[in-house]
Amino acid sequence: MEFPADLRYSSDHEWARRDGDRVVVGITDYAQDALGDVVYVELPAIGTATRSGSAFSEIESTKSVSDLYAPVDGRIVEVNEALTDAPELLNEDPYGRGWICVIAVEDPASLGASLDALLDAAAYRALVEG
Amino acid sequence: MSTPRRTCLYDLHLANGGRMVDFAGWEMPLRYGPGPVAEHEACRSGAALFDVSHMGIVEISGPDAARRLEAVLPAAVSALAPGTLKYSFLLDADGGVVDDVIVTGGPGPDGPVTLVVNAGNTVEDLVHLRLHLADDLTISHRDDLALVALQGPTAADVLARFDPGPSALGFMQAGGATIGGIEVDVTRSGYTGEDGFELMVAVDEAVELVEGLLATGAVTLAGLAARDSLRLEAGLCLHGHDLDRTTTPVEAGLVWAIPPGRRRDGGFLGAEVVARRLADGPLRHRVGIRPVGRKPVRDGAELRTATGEVVGTVTSGGFGPTLGAPVAMGYVTAGHHEPGTELVADVRGTDVPVAVTALPFVPHRYYRP
């Protein structure tokens, strides 16, 4: 399984990619594999506030509904509209075209520390591969 | 909860990438590597193989067994030609569905008549049969047999590579065959809406049988998730969800499975309630539910009218890969059951507009020569 080194990872199986003062969020290769075919992504409304570790949306596979947890504090400023008609992008390209949303952080100065609190690729791999 | 049981194909599932889950007390493959959608599509376009060995195989034999079974089954068991299958159900005294079953007529009036029953209900069914049948009838649970379902439009071609016999069977007929040197009992039946077969085989020969079928390269292993989406698209009931003891066959739209003579003459457990419901008309109806949009509506969601009146509940729901859209079924009160009726499903606090739809969602393609 692939866990790109330039991403940070939550123990809830989301990835976070820093883009200036914003953070792009998706689910990991491990998460998409464990879920199986994703059939619906509840895209959060623009402006929705997020808190690190709190659920802010849902993903549905053929057999289950799973919460999506925010990796950082902030608010949603962009969502991947392509997932409305093609939720399978989460399975096909979890780190690329399957991105879910962009969170703008309230306090850019603390963003580095927030991301440092997440796992790096090696630590995340150790978590999921035991 | 005791440790889940494993079928004789457990190691084969693991070796083929099966993701195992606990289902009705059994450790069964939810899916394999390709995933539920690919497995579902393989069954609609080719041939998919399901391990259904967790289901219970029950044989009843003894003096006049077929006719006496009619006391607990509303099918015309005594009129069943040898090797003919019918869908039926065990009812309780209130007409509630204890289990839905497939009954196969035996070689003579003394049986054995074979019932294939749901895995999670096997023990309850055995108790029910023992309670309502006299002691001179023998009831055997054939856990020395495994059962696999080969389903899809090319299933007949796959079996024809080994034995021409199965292709000559019509839907709901049984026969014998030799597949790769292994003797099996074959029925042309299944629970996917497609043409297909179920193969009953001795437990110690099941792995070799399945490996032989997989070696054709024309068969895809499929798990419980695909089996569920296939039967839901086909509008078929899952006991414990769409059927239970609070539901009679009349509400469930299954009266077609009770022959007219038995409806008229009764003589089976629950017959009075069924007759009364038939005369009065059902208070609620099983219907198809098509959610508007892509958000799945699942088991347990409440159904309301636009003005907020609660008129029903979803009993099965998920994603239908053949339709590329969510599908569901449930029960609504009479008057709200006509196809095209617009309702609202409460999905964990979110209102999802839905339309009542005729079943099945995907037409059946059974083989009827």
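Keep in mind that this is a model prediction, so the values were computed, not measured.

So, how was this worked out
Residues numbered from 1 in each chain as written. Chains lettered and ligands numbered in written order. Predicted model: local features only at pLDDT ≥ 70, side-chain atom pairs only at ≥ 80, totals over all residues. Heavy atoms only, no water. Pairing = 2+ DSSP bridges. Helix = DSSP H or I, 4+ residues; strand = E, 2+ residues; numbered from the N terminus. Axes fitted to C-alpha atoms, helices over the stretch in contact; angles between N-to-C directions. Salt bridge = Lys/Arg side-chain N within 4 Å of Asp/Glu carboxyl O. Buried < 20%, exposed > 50% of the residue type's maximum accessible area, 1.4 Å probe, protein only. Domains from an automatic or database assignment. Contact = heavy atoms within 4.5 Å. Buried area = accessible area lost by both parts, 1.4 Å probe.

Caption draft 1: Structural view of the sheet that holds strand β7 (residues 113-117) of chain B. Residue and element names in this part refer to chain B. Strand order in the open sheet formed by five strands is β5-β6-β7-β4-β8, and the pairing between neighbours is antiparallel. Each end of this open sheet is capped by a strand with a single partner; those strands are β5 (85-91) and β8 (138-141). With strand direction ignored, the average angle separating the axes of adjacent strands in the sheet is 30°. In terms of strand pairing, β5 meets strand β6 (residues 97-104) through seven bridges, oriented antiparallel. Opposite F89, over in β6, you have D100 as the bridge partner.

Caption draft 2: Expanded view of the pattern of salt bridges. Residues and elements named next belong to chain B. Enumeration over the complete set of coordinates arrives at 28 salt bridges over all chains. For R264, the salt bridge is made with D265, and the minimal N-O distance between the two is 3.2 Å. You can call R264 exposed: its relative accessible area is 65%.

Caption draft 3: Focus on the domain arrangement of chain B. Residue and element names in this part refer to chain B. Considered domain by domain, chain B is made up of domain 1 (5-53 + 144-233) and domain 2 (283-369). Relative to domain 2, the C-alpha centre of domain 1 lies at a distance of 29 Å. With 17 residues of domain 1 at the interface, the matching set in domain 2 holds 21 residues. When domain 1 packs against domain 2, the two sides together hide about 1,500 Å² of surface, and 59% of this comes from carbon and sulfur. Taken together, the connections running from domain 1 to domain 2 amount to one salt bridge. Linking E194 and R365 is a salt bridge whose minimum nitrogen-to-oxygen distance equals 2.8 Å.

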